[in-house]
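# Remarks on the overall topology
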Amino acid sequence: MGEMTLRNWRPGDAIRTLAEERCAPGAADLLTGHPDFCPERAWVALEDGAVRGFVCCTGEFLACALGQTAELLEIAEADAAARGLSRLQVNWFCPIRLPWVLPGTGGALHNNLPGVPEDSGLLPLLKSRGWQVRSRQTAMYLPLEGFSFPEELARQAEAMAEEGYTVDWYDSARHRGVDEMVESLRNSMWSAEIPAAARAGLPLLVGLSGSTVAGFTGPVRPEPCGRGYFAGIAVGPQWRGHGLGKLLFYRLLQAEQAAGARYMTLFTGVDNPAGRMYRKAGFRDVRTFAAMEKELL
């Protein structure tokens, strides 16, 4: 074996093989072409001119760690501390969203790694360096062929409508309060995406209390890989307990199927009670992840 060289990433450094082993085809180009990718925050481990390891950060996120990373992690952590950061983290809030292949699905893709795969060697390495697991996420998969909207839920939706709770496509001329509802959820990703989708006229399903937006799901737009896009699903705190979340979820599956999606994927907390609803709809767990964090100061 040759001597290992550690340095900043350069455009000619080939990380494609490493990226496709952990993530998905095209992940390397998506990563290095992303506006949040910073070459000064990216490092490689080279042996005989070949890339054996790669690590990059953006902001306070460890965005990617591939191959032989132990010494590169030390560099990344020291750099983050020198920048005055109090922590580094790995979770689904990272702005560079890397796609990955769900095992046992025939190549189905999910569009965002929600943490460190628990079946990877990276997890024990990070733990040995003082990283802590902050939450555990399970990734779930549902083929949409054969999905049908439950008759029982259709009857429940009729009863909900009598009480003023419905699900409909968002219409700015008829509905109000989408910005306020999303703000009440205190989720930075949703705050950035959902009001913008509403203003752009994207097909957004909303839960309604009368004409007031009480929850959301979507936008409904199948991805080129066949996955039904899923930004999330949520109901504002003051409207919970009326069945809107469940109705939104099943309407989303129905709408994505009608729009041509072949399958759905999502991730949720291992202990999240919503997992029971997802499994009842036919989703199965395919992989678990650890959202992790390291205090630097």
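Whatever comes next refers back to the structure up there.
Remember, predicted model here, so these are calculated numbers, not experimental data.

One open sheet holds the 4 strands; their spatial order is β10-β11-β12-β13, and the pairing between them is antiparallel. Single-partner strands in this sheet number two, and they are β10 (165-169) and β13 (233-235). If you compare each strand with its neighbour and ignore which way they point, the axes differ by 30° on average. Sheet topology note: the β10/strand β11 (residues 205-209) ladder contains 5 bridges and is antiparallel.

As a further point, take the packing of aromatic side chains. For the coordinates displayed, the defined rule picks out 12 aromatic pairs. Each ring, one from W100 and one from F289, has its centre 4.9 Å from the other, and the planes form 65°; the classification is edge-to-face. Placement of W100 in strand β6 (residues 100-101) and of F289 in strand β15 (residues 284-295) is noted, with a sequence separation of 189 residues between them. Assigned by exposure class, W100 and F289 land together as buried. Among the aromatic residues, those joined into a cluster by ring pairs are F147, F149, F249, Y250, Y278 and F283. We note R221 situated over the ring of Y229; from NZ or CZ to the ring centre the distance is 3.9 Å. Positioned above the aromatic ring of F149, the side-chain terminus of R251 is 4.0 Å from the ring centre.

This paragraph deals with the side chain of N112. Within the secondary structure, N112 is located in the loop between β7 (109-110) and β8 (116-117). With relative accessibility at 6%, the residue N112 sits in the buried group. At 3.1 Å, the side chain of N112 and the backbone oxygen of W92 are in polar contact. Excluding residues that lie within four positions of it along the chain, N112 makes contacts with W92, R97, L98, P99, W100, M189 and F267.

Another point: helix α3 (residues 70-82). End to end, α3 covers 19 Å across 13 residues, agreeing with the expected 18 Å (1.5 Å per residue, within 8%). Here α3 has its buried residues at L72, L73, A76, E77, D79 and A80. Along α3, the residues classed as buried sweep out an arc of 160° about the axis, all on the same side. Phi turns positive one or two residues past the end of α3, at G84, with a value near 90°.

Basis of the calculations
Residues numbered from 1 in each chain as written. Predicted model: local features only at pLDDT ≥ 70, side-chain atom pairs only at ≥ 80, totals over all residues. Heavy atoms only, no water. Pairing = 2+ DSSP bridges. Helix = DSSP H or I, 4+ residues; strand = E, 2+ residues; numbered from the N terminus. Axes fitted to C-alpha atoms, helices over the stretch in contact; angles between N-to-C directions. Phe/Tyr/Trp six-rings, centres within 6.5 Å; stacked < 30°, edge-to-face > 60°. Buried < 20%, exposed > 50% of the residue type's maximum accessible area, 1.4 Å probe, protein only. Lys NZ or Arg CZ within 6 Å of the ring centre and 35° of its normal. Polar contact = N/O pair within 3.5 Å; in protein donor to acceptor, adjacent residues only side chain to side chain. Contact = heavy atoms within 4.5 Å. Expected span 1.5 Å × (residues − 1). Arc of directions from axis to C-beta.

Keep in mind these values describe shape, not function.
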